[in-house]
Structure formats: C-alpha cells, structure tokens
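Chains, contacts and geometry: an overview
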Amino acid sequence: MGPEEDLNTLLSHNDHLNILRYIRAHKLREPHLVLSHGKPLLGFHSDGSTTKPSQSLDDATRLAALEQLCIAALDVGNTPLAESCLHALHVATSHSSVTKESSRYRKLLGMFLEASAKFDDAAKVYDELLVDNPSNGYAAKRKYCILAAQAGKEEEAIKALNDYLSMHPGDIAAWNQMAEACLSVSDFKGAAYCYEEVVLGCPLDSNVHMKLGEVYATAGGIENAKLARKHLAQANAKLARKHLAQAVQLDANNLRAWFGLINASENYLVEVEQASKGKKEMEEEGVEVAKELILFGGAKLMEFYQGTVIGKLVERLLKDSAESM
C-alpha cells in the first residue's frame, strides 16, 4: 500500500507514513490529521517528549515527516512539539539538506519565532533569507505578515507587501491583500488600482467586481467635496456602476451588488445634477441609463424580498429612490 491509494483507504489501515505522504502530495492542510499520525510515526508526545517510533525510517523520509509535523504543530499552536521537531531536525544528520544554515531550516525557525510572538527575531531570519535570495517570495510574504499582525504598523506592512509585489506582480492573492490593506488606511485610489489587478486575474468573479465598484463609488463621494475634482467624481461614479453591473451579470443572486448598483446610479445622478449645464447635456444618455438601472435593480430586489419580513421596508426605500429621480 502506498500514497497513491485514496485517503480513506489509508486511514482505514492506519498507515501513518503514507497518510503523511498523501497529505504532502495533495498539498492538503490537515494539521490534526498530521499530528494524529505523525506523532506515533516519529515517536513524539504532544508535550514534545519522545517515545519509541512506530517504525524505522530512512533519513530522507524521517526529515520530510519532521518538517511536516513541525508545521502542523505550529498550525494548532503546539509550540513545545514544534520546538522538539526543530531540535530533531538540527541534530538528525550533518549530511542532510536540512542543516541549521539551510533555507529549509530557517524557514521553520522563522515560523516558530512568529508563533512564539518573537516578531523581531523572526524578521531577522527572513531578512537573512532575502539577502541570500532576494526573490524568495516566502520570506517576503512572511515579513508582511509579521508587520500586519502588529497594531500601528499598517504603513510598514503596506510597504513590505509592495516590495513583494514588485518582485511577484502575478500574485493575485497578494494584490487582493494589498487592496484590503489600502482600504484599512482609507487609500481608495490605491485600493481601486489593486482591485483592477485582481479583476485581470479573476475576470469572472462577481465579488471582485462588486468590491471594485464599491471602492469607485466611495472615491467618487469623497472627491466631489471639491468642485475642481467633480470630473473625477463623475468618472468614478461611472466606473462604480460599470463594475457593479458586471457583478450582478456574473451572479444575479448577489444582493450586495444589486444594492450597490442602485446606490452608485443614485450617486451618479447627484453628480450630474451638480455639474455645469454643458456637462449635464453631455451626460443625458448616462442619466437615462442610471434611471433605468435604479428601476430595474429595484424590481430585482423586490423579487428577492417579496413576502419576507423586511420586504415592505425595502419596497419603501426603493419607492423613495424612484420618486427622487
């Protein structure tokens, strides 16, 4: 029996070694499963003390299992067990690839220091990894996580994530995280730029379009405080409407996007109403589209809320919105 078997079969035979191999091969995050089978395989108790292993392993197999068990222990907050695994890795063999100076060992050490709330020491470990290899994406991401976990270091965290993205511009998850970080400091222009990058990687994700539309709507509301920036505000209103419309097209059940679309259309009408006479004439077609979207969005929402407890409240709000046009 080997790791090519399905997981249920391996579990039924209590095959510790191949269960760990299966989890590694399929990149599963199953820390409790790893702990359940890794501890008896390697001879560890939960407190980090050792006992007799369930079977003898060659060096490469044992080292791989130790790394896996160490990460799983950190995942569930069992630092004593993780520390024991680190010690076992260090003393295992001087001929292995996992030495005290190797990137594999230092990666685990950095994770352990983070789990122990020794953020400065962990940052030093990651800095050393980046000196050895400036394109080490793992170390760069962990530096951001360390800063993001500490209150008052939002701007430093954004800078660290920006450094990572300059080396790894294709990481969509990192762009999404950057957008959230920008929103946390009210940088709506930066958040919009980041969500545009996410849209390029996930063009069919309704929620991404919805978030981008909401950011543009918020940016427009802020920018129209100054007359000189009204054109920017109107442009943002159009972009908000565009992406929210795309969101409901991709997912017709996205209620948040329907409400956002109506709100963005109303904001657009307000922007146009406050514009110059010439600008109003240029936006006549856009005004008609906005009014139709408000009516259409309202009808769709009523379909969802018909017969519900808050149905009458939604109907009243939509009626007020239609009368204000």
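Each remark here, short or long, concerns the structure printed above.
What counts and what doesn't
Residues numbered from 1 in each chain as written. Predicted model: local features only at pLDDT ≥ 70, side-chain atom pairs only at ≥ 80, totals over all residues. Heavy atoms only, no water. Helix = DSSP H or I, 4+ residues; strand = E, 2+ residues; numbered from the N terminus. Contact = heavy atoms within 4.5 Å. Axes fitted to C-alpha atoms, helices over the stretch in contact; angles between N-to-C directions. Parallel < 35°, antiparallel > 145°, perpendicular 65-115°, else oblique. Left-handed = near helix turned anticlockwise from the far one by under 90°. Nonpolar A, V, L, I, M, F, W, Y, C, P; charged D, E, K, R; others polar. Disulfide = S-S within 2.5 Å. Expected span 1.5 Å × (residues − 1). Salt bridge = Lys/Arg side-chain N within 4 Å of Asp/Glu carboxyl O. Buried < 20%, exposed > 50% of the residue type's maximum accessible area, 1.4 Å probe, protein only. Polar contact = N/O pair within 3.5 Å; in protein donor to acceptor, adjacent residues only side chain to side chain. Core = buried A, V, L, I, M, F, W, Y, C linked by side-chain atoms within 4.5 Å. Patch = residues over 30% accessible without salt bridge, like charges linked within 9 Å, V, L, I, M, F, W, Y side chains within 5 Å. Areas by Shrake-Rupley, 256 points an atom, 1.4 Å probe, with all protein chains shown as cover.

Turning our eyes to something else, we now look at the environment of Ala252. Examined against the element boundaries, Ala252 turns out to sit in the loop between α13 (230–250) and α14 (255–273). Sequence-distant contacts of Ala252, defined by excluding residues within four places in its chain, comprise Trp258 and Phe304.

With that settled, consider the packing of helix α6 (residues 103–115) against helix α7 (residues 119–132). Relative orientation and spacing of two packed helices are given, respectively, by the angle between their axes and the distance between those axes. The geometry of α6 relative to α7 is characterised by a closest axis approach of 8 Å and an angle of 155° between their N-to-C directions. Between α6 and α7, the angle is such that the two are roughly antiparallel. The element α6 and its partner α7 pack so that their crossing is left-handed. Where α6 abuts α7, its residues Ser103, Arg106, Lys107, Leu109, Gly110, Met111, Leu113 and Glu114 lie against Phe119, Asp121, Ala122, Val125, Tyr126, Glu128, Leu129 and Asp132. For the contact of α6 with α7, the per-class residue count stands at 8 nonpolar, 2 polar and 6 charged.

For the rest of this paragraph, the subject is the packing of helix α5 (residues 79–92) against α6. In contact at an axis separation of 11 Å, α5 and α6 are set at 160° when each is read in the N-to-C sense. Between α5 and α6, the interaxial angle falls into the category roughly antiparallel. Considering the relative orientation of α5 and α6, their crossing is left-handed. Contact with α5, carried on its side by Thr79, Ala82, Glu83, Leu86, Leu89 and His90, involves Tyr105, Leu108, Leu109, Phe112 and Ala115 of α6 and no other residues of that element. Considering only residue class, the contact of α5 with α6 consists of 8 nonpolar, 2 polar and 1 charged.

So, on to the state of the cysteines. Applying the stated rule across the entire model yields 0 disulfides. Lacking any disulfide linkage, Cys85 is separated from the closest cysteine sulfur, that of Cys70, by 5.3 Å.

Turning our eyes to something else, we now look at α6. Between its terminal C-alpha atoms α6 stretches 18 Å, which fits the 18 Å expected from 13 residues at 1.5 Å a residue. Buried-residue contacts for α6 involve α4 (59–75), α5, α7 and α8 (137–148).

For Val248, the location among the structural elements is in helix α13. For Val248 and Trp258, which are 10 residues apart along the polypeptide, the C-alpha to C-alpha distance reads 6.5 Å. The contact partners of Val248, leaving out residues within four places of it in the chain, are Asn254, Ala257, Trp258 and Leu261.

We now examine the pattern of salt bridges. Summed over the entire model, instances satisfying the criterion amount to 8 salt bridges. Asp75 is paired through a salt bridge with Arg29; the nearest N and O atoms lie 2.6 Å apart. In this pair, Asp75 sits in helix α4 while Arg29 sits in the loop between α2 (16–25) and α3 (31–42), placing the two residues 46 residues apart along the sequence. Its relative accessible area of 33% is what places Asp75 among the partly exposed residues. Between Arg104 and Glu67 there is a salt bridge whose closest N-O contact spans 2.2 Å. With Arg104 in helix α6 and Glu67 in helix α4, this pair connects stretches of sequence that are 37 residues apart. On the basis of relative accessible area, Arg104 is assigned to the partly exposed category, the value being 33%.

With 14 residues, α5 ought to run about 20 Å at 1.5 Å a step, and its terminal C-alpha atoms sit 19 Å apart, in line with that. Check the buried side of α5 and you find it contacts α3, α4 and α6. Capping the start of α5, Asn78 holds a side-chain oxygen 3.2 Å from the backbone nitrogen of Leu81, two or three residues further along.

Here we take up the nonpolar core. Of all hydrophobic cores here, the largest spans 90 residues; its most connected members are Phe44, Leu66 and Leu69. Setting aside its immediate chain neighbours within four residues, Leu69 contacts Val34, Leu35, Gly38, Lys39, Leu42, Phe44, Leu81 and Cys85.

Let us now look at a nonpolar patch on the surface. On the surface, Val309, Ile310, Leu313 and Leu317 cluster together into a nonpolar patch covering about 420 Å² of accessible area. As for its placement among the helices and strands, Leu313 is situated in helix α17 (residues 311–323). Using a relative accessible area of 45% as the deciding quantity, one classes Leu313 as partly exposed.

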